[in-house]
Amino acid sequence: MAAILVYAELSEGKVATTSLELMAKARELGDVYAVALGSGAKDAAATLGKHGAKAVHINEDSVFDDYIAEPATDALASLVESEKPDLILFGFTSDSREVAGRLAARLGVGLISNAGDVTAKDGGFVAKVPYFGGAKVASMKANAKPAIVLVRPKSFEASEKGGTAEVKQLDVKVAEGSRRAHITERVAEASEKIKLEEARVVISGGRGMGGPQNFPLLEDLASALGGAVGASRAVVDAGWVPYSMQVGQTGKSVRPGVYIAVGISGAMQHTVGMKTSKVIIAINKDAEAPIMKMADLGVVGDAMKIVPALTAAVKAKKTK
Amino acid sequence: MKIVVTVKQVPDPNSNLTLEADNTISREKEVVLDPGDECGVEEGLQLKEAHGGEVILVSMGPERAKDAIRKGLSMGADRGVLITDPSLAGADALLTARVLAAAIKKEEPDLVICATESYDGSTGMVPPMLAELLGFPQLTFAKKVEIDGSTVKVHRQTADGYQVVEAATPALITVTAAIAEPRYASLKGIMAARSKEIKEVAAGDLGVEKGRPAETIEGVVDAESRKAGEVIQDDGNAVEKIVQVLAAAKVL
Ligand SMILES: Cc1cc2nc3c(=O)[nH]c(=O)nc-3n(C[C@H](O)[C@H](O)[C@H](O)COP(=O)(O)OP(=O)(O)OC[C@H]3O[C@@H](n4cnc5c(N)ncnc54)[C@H](O)[C@@H]3O)c2cc1C
Ligand SMILES: Cc1cc2nc3c(=O)[nH]c(=O)nc-3n(C[C@H](O)[C@H](O)[C@H](O)COP(=O)(O)OP(=O)(O)OC[C@H]3O[C@@H](n4cnc5c(N)ncnc54)[C@H](O)[C@@H]3O)c2cc1C
């Protein structure tokens, strides 16, 4: 059996959902073990066991919480040396990407980034990578050992299947020279009531919203539906809304029950982050916009009129 | 302060891409300086304006990637280095990082600025690899950068806000599009750029060995696409129809 190492990212002491998604996939590929670093690693090991890890290597040193990438790279490099995994899986998230890149460079092996799936083939691994702006999918065979693959969030569904992982203390000397990029402060800007990635309804606005002054229309609809508001990159880059709201290739991936795209044209880089939503509704004044070709319901019209009317109708229906 | 900005030439994101027979993205299309790197150049120039020093643009690419460097020079950067060599065509992220690292080491910069990911390959892996190979700390996803003596401090964008991250220079930072609005090159800037130096370096001069690429493309297929559903004109009944769909999806 191939040995699969999953890099479990901890966020506020909990295993990130993306890492649990990776666990579900890893179980199909071989014997799974995981590594969890920083505060909460021990509890994380229990969670990872439930998701199929046979063993979890942990180290609770806060150096892993406080310094970017380098301490984790030290830990992983020593783990790779002792455990010789065939495949290391990382989430394609800000924190994991940085560790993966440094690790690959230190080991002198390449990696496959931004994958949507991984399969075992001929004793090796093949990753599916969005190509050509998402219109195509390339099958890429990993040539290195260990193979390192970064997988986009929401590519798999997390599920519990396993038992108790053996917890192994990972003794690693984090060099003084690795305590460099120091996180001195954490500031939360988005007081998200409902997390975008977890919302059952996501309403996203694009350039067709006309300006930041109109985003409250989407907020109103979201609160009526118990959903969250997302955005296209065009409006994030324009500074209308914060990056935390961006859906797409370089933003978040979402998979809600209903995704409502308002004034969004439907560029591949946007749709790659939402096309697995169960139902897609598009509101756009252009019947030819690409989003109309993938929506379950496309409404051609002016968002400024439709959205407030929809909010009112939803509210009315709920009080009935 | 000596600042290196890495700049990549990419197919124009506003033009339609085409695929070659060997499944590589056609480079015969219009090409531009990567818009993310344009933000990097802008940030480099602003730091130079505030703290003095020099902004050097480093790129790996074909001969015509000079145009991308020239664009940055016309914005105000001081000089450029282009590593160009037919043997580098099709380089993977690690080889790219090795080549860039070898060239950048010679410059002994205080700060290296990259974009978080490129507009074409978008692996986002060159910057962390480069930081590792240079032996620099990495301060990433910066939407704000401050320099105080030999300390660099960034606001690192996170999913729900930002972190304040500090390190001593030399360091590598990656910047998001929120960092700075790239300036337009002035006519004077464009004229001045013509006489600025772009040094060409061959891969052999850097002593970088070309290994086996990280990945081999086995095949390319069309992405699964969703089928179009119903498209209706908003003739006054659209809201009712949307409510029906919401109810059917059990979110209402
Ligand atoms: C490497 C890379 C990464 C990228 N990553 C992302 C990403 O993560 N997320 C992302 O979203 N994009 C991303 N992009 C950008 C993407 O290519 C598009 O440029 C972007 O999604 C367009 O945003 P938009 O749909 O809001 O704007 P536009 O394309 O300008 O569309 C606006 C739409 O609004 C409609 N409209 C206008 N007025 C009204 C009205 N009154 N009522 C209803 N409709 C109206 C118009 O018909 C149009 O369809 C990326 C691009 C690259 C190259
Ligand atoms: C669709 C697609 C998928 C790919 N997948 C992989 C993969 O999984 N693994 C892999 O190893 N390679 C992959 N490649 C190849 C990879 O894109 C190239 O190696 C590329 O030279 C560097 O990576 P990037 O464009 O992804 O850079 P990124 O890491 O996304 O670029 C970030 C920044 O690094 C700097 N930079 C990057 N390249 C250069 C350069 N040539 N000159 C100057 N500065 C630069 C720029 O500042 C850039 O903005 C892929 C290419 C494509 C088109």
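The structure presented is a predicted model; accordingly, all values stated were derived computationally and were not measured.

> Just checking my understanding: could you explain the overall build of chain B for this structure?
Secondary structure assignment for chain B yields seven helices and 13 strands. Taken along its principal axes, the extent of the C-alpha atoms in chain B is 65 × 45 × 40 Å. With 252 residues in all, chain B has 50% of them scored as buried. Put simply, 69% of the contacts in chain B that link residues at least 6 apart link residues at least 24 apart. Carbon and sulfur atoms provide 48% of the accessible area of chain B, an area that totals close to 11,300 Å². Where the 28 positive side-chain charges of chain B centre and where its 40 negative ones centre are 2 Å apart.

> In this structure, what is going on with the layout of surface pockets? I would like to understand it.
To locate leftover empty space, one rolls a probe as large as a water molecule over the atoms. Counted as a void, the second largest pocket has a volume near 660 Å³. Along the wall of the second largest pocket there are 26 residues; nearest its centre are G116(A), V137(A), K275(A), T276(A) and E224(B). The set of elements that each furnish at least two residues to the lining of the second largest pocket consists of β9 (124-131) and β10 (136-142) of chain A together with β12 (215-222) of chain B. Examining the composition of the lining of the second largest pocket, we find that three residues originate from one element, β9(A), more than from any other. Residue composition of the lining of the second largest pocket, by class: nine nonpolar, seven polar and ten charged.

> Explain the site of ligand 1 here, please?
The environment of ligand 1 is made up of 27 residues, and the closest members are S232(A), V247(A), T250(A), S265(A) and N284(A). Around ligand 1, the nearby residues trace back to chains A and B. Between ligand 1 and the protein, one listed contact pairs an oxygen atom with a backbone N or O atom of R207(A) at 2.8 Å. One of the backbone N or O atoms of R233(A) is found 2.9 Å from an oxygen atom in ligand 1. Notes on ligand 1: free accessible area 980 Å², of which the protein chains cover 83%. Elements with a contribution of two residues or more to the shell around ligand 1: α7 (233-237) and α8 (268-271) of chain A. By residue class, the composition of the shell around ligand 1 is seven nonpolar, 15 polar and five charged.

> Would you explain the pairing of strand β16 (residues 258-262) of chain A in this entry?
Two faces belong to every sheet, and in a regular strand the side chains alternate between them. All names here are of chain A. β16 sits mainly inside the fold: five of its five residues count as buried. Pairing analysis gives five bridges linking strand β14 (residues 201-205) to β16, with the strands arranged parallel. Its bridge partner being in β16, S204 is matched across the sheet by A261. Summarising the sheet, β16 and strand β17 (residues 279-284) pair through five bridges and their orientation is parallel. Bridged to I260 within β17 is I281.

> I'm lost on the site of ligand 2 in this one. Help?
Around ligand 2 sit 32 residues, and of these T6(B), K8(B), D37(B), A91(B) and T123(B) come closest. Residues within reach of ligand 2 are spread across chains A and B. Backbone polar atom of A91(B) to an oxygen atom of ligand 2: 2.7 Å apart, as the coordinates give it. Taking T123(B), its side chain carries an N or O atom lying 2.7 Å from an oxygen atom of ligand 2. Coverage of ligand 2 by the protein amounts to 94% of the 910 Å² it exposes when considered alone. Classifying every residue of the shell around ligand 2 by side-chain character gives 17 nonpolar, nine polar and six charged.

> Mind showing me how you'd approach the sheet that holds β9(A) here?
Pairing between sheet strands relies on hydrogen bonds along the backbone, with the strands arranged either parallel or antiparallel. Spatially, the four strands line up as an open sheet ordered β8(A)-β9(A)-β10(A)-β12(B), and their pairing is antiparallel. Because the sheet does not close on itself, it has two edges, and the strands there are β8 (117-121) of chain A together with β12 of chain B. Averaged over all adjacent pairs, the angle separating strand axes in this sheet is 25°, with direction ignored. Where β9(A) lies against β10(A), six bridges are found, and the strand directions are antiparallel. When the sheet's bridge partners are listed, A127(A) is paired in β10(A) with M140(A).

> Looking at this model, I keep getting lost on the nonpolar core. Mind explaining?
General note: in soluble globular proteins, nonpolar side chains tend to be found buried as a group. Grouped together as the largest cluster of nonpolar side chains are 74 residues, with contacts concentrated most on F90(A), L57(B), L111(B), M129(B), L139(B), V152(B) and I173(B). For this core, the leading source of residues is helix α4 (residues 70-83) of chain A, giving six residues. Setting aside its immediate chain neighbours within four residues, F90(A) contacts Y7(A), L22(A), L76(A), S96(A), V99(A), A100(A), L103(A), I148(A), V149(A), L150(A) and V151(A).

> Just checking my understanding: could you explain the side chain of H57(A) for this structure?
You can see H57(A) is positioned in strand β5 (residues 55-59). Residue contacts for H57(A): discarding those within four places in its chain leaves Y33(A), A34(A), V35(A), A36(A), L79(A), E83(A), K168(A) and L170(A).

> Can you help me understand the packing of helix α6 (residues 215-225) of chain A against helix α9 (residues 303-319) of chain A in this one?
Each pair of packed helices can be summarised by the angle the axes make with each other and by the distance between the axes. Residue and element names in this part refer to chain A. Two elements in contact, α6 and α9, have axes separated by 9 Å at closest approach and are oriented at 20°. Taken together, α6 and α9 sit at an angle that is classed as roughly parallel. Crossing geometry of α6 relative to α9 is assigned as left-handed. Across the interface between the two elements, L217, L218, D220, L221, A224 and L225 of α6 pack against M304, V307, P308, L310, T311, V314, K315 and K318 of α9. In terms of residue class, the contact of α6 with α9 is built from ten nonpolar, one polar and three charged.

Procedures and definitions
- Residues numbered from 1 in each chain as written.
- Chains lettered and ligands numbered in written order.
- Predicted model: local features only at pLDDT ≥ 70, side-chain atom pairs only at ≥ 80, totals over all residues.
- Heavy atoms only, no water.
- Helix = DSSP H or I, 4+ residues; strand = E, 2+ residues; numbered from the N terminus.
- Buried < 20%, exposed > 50% of the residue type's maximum accessible area, 1.4 Å probe, protein only.
- Contact = heavy atoms within 4.5 Å.
- Areas by Shrake-Rupley, 256 points an atom, 1.4 Å probe, with all protein chains shown as cover.
- Lys, Arg positive; Asp, Glu negative; His and termini not counted.
- Charge placed at Lys NZ, Arg CZ, Asp CG, Glu CD.
- 1 Å grid on protein atoms, 1.4 Å probe; cavity = no way out; pocket = protein on both sides within 12 Å on 5 of 7 lines; lining within 4 Å.
- Points joined across faces, edges and corners; volume = space filled by probe spheres on them.
- Nonpolar A, V, L, I, M, F, W, Y, C, P; charged D, E, K, R; others polar.
- Near = heavy atom within 4 Å.
- Polar contact = N/O pair within 3.5 Å; in protein donor to acceptor, adjacent residues only side chain to side chain.
- Pairing = 2+ DSSP bridges.
- Axes fitted to C-alpha atoms, helices over the stretch in contact; angles between N-to-C directions.
- Core = buried A, V, L, I, M, F, W, Y, C linked by side-chain atoms within 4.5 Å.
- Parallel < 35°, antiparallel > 145°, perpendicular 65-115°, else oblique.
- Left-handed = near helix turned anticlockwise from the far one by under 90°.

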